[in-house]
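# Fold and geometry: a report
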Amino acid sequence: MEEYYEKGLLKAIGVSNFYPDRFIDLSHFVKIKPMVNQMETHVFNQQKKLHEILKENKCQLMSWGPFAEGRNDFFNNTVLKSIGSKYGKTSAQTALRYLIQKNIVVIPKSTHKERMIENINVFDFSLSNDDMAALEKLDTENSLFFSHYDPDFVKFILNYKI
Ligand SMILES: NC(=O)c1ccc[n+]([C@@H]2O[C@H](COP(=O)([O-])OP(=O)(O)OC[C@H]3O[C@@H](n4cnc5c(N)ncnc54)[C@H](OP(=O)(O)O)[C@@H]3O)[C@@H](O)[C@H]2O)c1
């Protein structure tokens, strides 16, 4: 990736699922540090520590699973719902707006056109400081998916056949 970046063929070097310790390690030994790190990030797992480290290294945090893929009854969460309703927005829009205001790039996924439109319609309102603080409290600092530190998960990934 460094070679192709230097040739001008790549605009940016991105990595995925580099936890804070792995990111620091990688950044220390490469010639060109990654510019993007895509990581599970949503209101229930806000990645504050990782985000700080990435900022120090001028690397953009990109959220995969910004809706936690609906886990934890995401779209019915009462805090997301009640804050969203003040702005005439859905839980999904509120969750995306929260991350965007935290300077986190979001890549929500939907197979429905109307939801794609809903999900992009988040640039016409701003959450207040109080609402941001309330949403910050939803953070459990834990994954709703898996840990890349779990040896069984690493074995599963290594043996994964497409
Ligand atoms: N780097 C990695 O390790 C990694 C891991 C996982 C995912 N990703 C990427 O992250 C992106 C996000 O995808 P994701 O599937 O993980 O998670 P997600 O965006 O958190 O959740 C997607 C789910 O939310 C539903 N949804 C979307 N918009 C909605 C809305 N407005 N209201 C209600 N439900 C809504 C979708 O249903 P419908 O489709 O039925 O609308 C789908 O079930 C994808 O591009 C994916 O490739 C990367």
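Refer to the structure printed above.
The structure contained in this document is the topic of the report that follows. (Residues numbered from 1 in each chain as written. Predicted model: local features only at pLDDT ≥ 70, side-chain atom pairs only at ≥ 80, totals over all residues.)

### Details of the overall build of the protein
Condition: The numbering of helices and of strands both runs from the N terminus, where a helix is a DSSP run of H or I of at least 4 residues and a strand a run of E of at least 2. Exposure is read from a count of other C-beta atoms within 10 Å of each residue's own; the residue is exposed at 12 or fewer, buried at 20 or more and partly exposed in between. C-beta atoms are placed from the backbone. In this description, a residue-residue contact is defined by the distance between C-beta atoms placed from the backbone, which must lie within 7 Å.
When helices and strands are tallied, the protein shows eight helices and four strands. When its helices and strands are written in sequence order, the protein yields α-β-α-β-α-β-α-α-β-α-α-α. Taken along its principal axes, the extent of the C-alpha atoms in the protein is 50 × 35 × 30 Å. When burial is assessed residue by residue, the protein has 30% of its 162 residues classed as buried. Intrachain contacts of the protein at a sequence separation of at least 6 include 62% that bridge at least 24 residues.

### Section: the nonpolar core
Note that soluble globular proteins tend to have their nonpolar side chains buried in a common cluster. Selection criterion: Nonpolar cores are built from buried Ala, Val, Leu, Ile, Met, Phe, Trp, Tyr and Cys residues. These are joined into a set through C-beta atoms within 7 Å.
Counting residues in hydrophobic clusters, the biggest one holds 26 residues, and the most contacted among them are Val-43, Ala-95, Leu-96, Tyr-98 and Leu-99. Listing elements by their share of this core, those giving two or more residues are α3 (48-56), β3 (60-64), α4 (78-86) and α5 (91-101). For this core, the element with the highest residue contribution is α5, accounting for five residues. For Val-43, the contacting residues outside a window of four places in its chain are Leu-80, Ala-95, Tyr-98, Leu-135, Leu-138 and Asp-139.

### Overview of the environment of Asn-119
By the element assignment, Asn-119 lies in helix α6 (residues 113-120). For the pair formed by Asn-119 and Ala-95, sequence separation is 24 residues and the distance between their alpha carbons is 9.8 Å.

### Some thoughts on the sheet that holds strand β1 (residues 14-16)
Test applied: The criterion for strand pairing is that DSSP finds at least two bridges linking the strands in question.
Taken in spatial order, the four strands make up an open sheet running β1-β2-β3-β4, and their pairing is parallel. In this open sheet, the two edge strands, each paired with only one partner strand, are β1 and β4 (105-106).

### What to know about the site of the ligand
Condition: For each residue, a C-beta atom is placed from the backbone, and the residue counts as near a molecule or strand when that atom lies within 6 Å of it. Basically, the charged four are Asp, Glu, Lys and Arg, the nonpolar ten are Ala, Val, Leu, Ile, Met, Phe, Trp, Tyr, Cys and Pro, and anything else, Gly included, counts as polar.
In the vicinity of the ligand, 21 residues are found, and the nearest of them are Trp-64, Phe-67, Ala-92, Lys-109 and Ser-110. Looking at the shell around the ligand residue by residue, the classes come out as eight nonpolar, nine polar and four charged.

### Observations concerning α5
Taking burial as the measure, the eleven residues of α5 include nine buried ones, the bulk of the element. On its buried face, α5 is in contact with β3, α4, β4, α6 and α7 (129-136). The first or second residue beyond α5 is Asn-103, which carries a positive phi of 65°.

### Thoughts on the environment of Val-105
With respect to the helices and strands, Val-105 occurs in strand β4. Take Val-105: there are 14 C-beta atoms within 10 Å of it, and that puts it in the partly exposed class. Placed 91 residues apart in sequence, Val-105 and Gly-14 show a C-alpha to C-alpha distance of 13 Å. Among all residues touching Val-105, those that are not within four sequence positions of it are Gln-60, Met-62 and Ser-63.

### Brief notes about the pairing of strand β2 (residues 36-40)
We count it as follows: A crossover counts as right-handed when, viewed with the strands pointing away from the observer, the path leading from the first strand over the helix to the second turns clockwise.
Alignment of β1 against β2, held across three bridges, turns out to be parallel. Across the sheet, Ser-16 pairs through a bridge with Gln-38, a residue of β2. On the question of chirality, the crossover connecting β1 to the parallel β2 by way of helix α2 (residues 20-29) is right-handed. With five bridges joining them, β2 and β3 adopt parallel strand pairing. Of the residues in β3, the one forming a bridge with Met-39 is Ser-63. Since β2 and β3 lie parallel, the crossover through α3 that links them has a hand, and here it is right-handed.

### Quick look at the packing of α2 against α3
As a reminder, the rule being used: An axis is simply a line fitted to the C-alpha atoms; with a helix, the fit covers only the stretch in contact. Between two such axes, the angle follows the N-to-C directions and lies from 0 to 180 degrees. Roughly parallel covers angles under 35 degrees, roughly antiparallel covers those over 145, roughly perpendicular covers 65 to 115, and oblique covers all other angles. Should the near helix be turned anticlockwise from the far one by less than a right angle, the crossing is termed left-handed; should it be turned clockwise, right-handed.
Where α2 contacts α3, the two axes come as close as 9 Å, and the packing angle between them is 15°. Comparing the axis directions of α2 and α3 gives the class roughly parallel. The hand of the α2/α3 crossing is right-handed. Taken together, the residues of α3 that come into contact with α2 (itself represented by Pro-20, Phe-23 and Ile-24) are Lys-49, Leu-50, Ile-53 and Leu-54.

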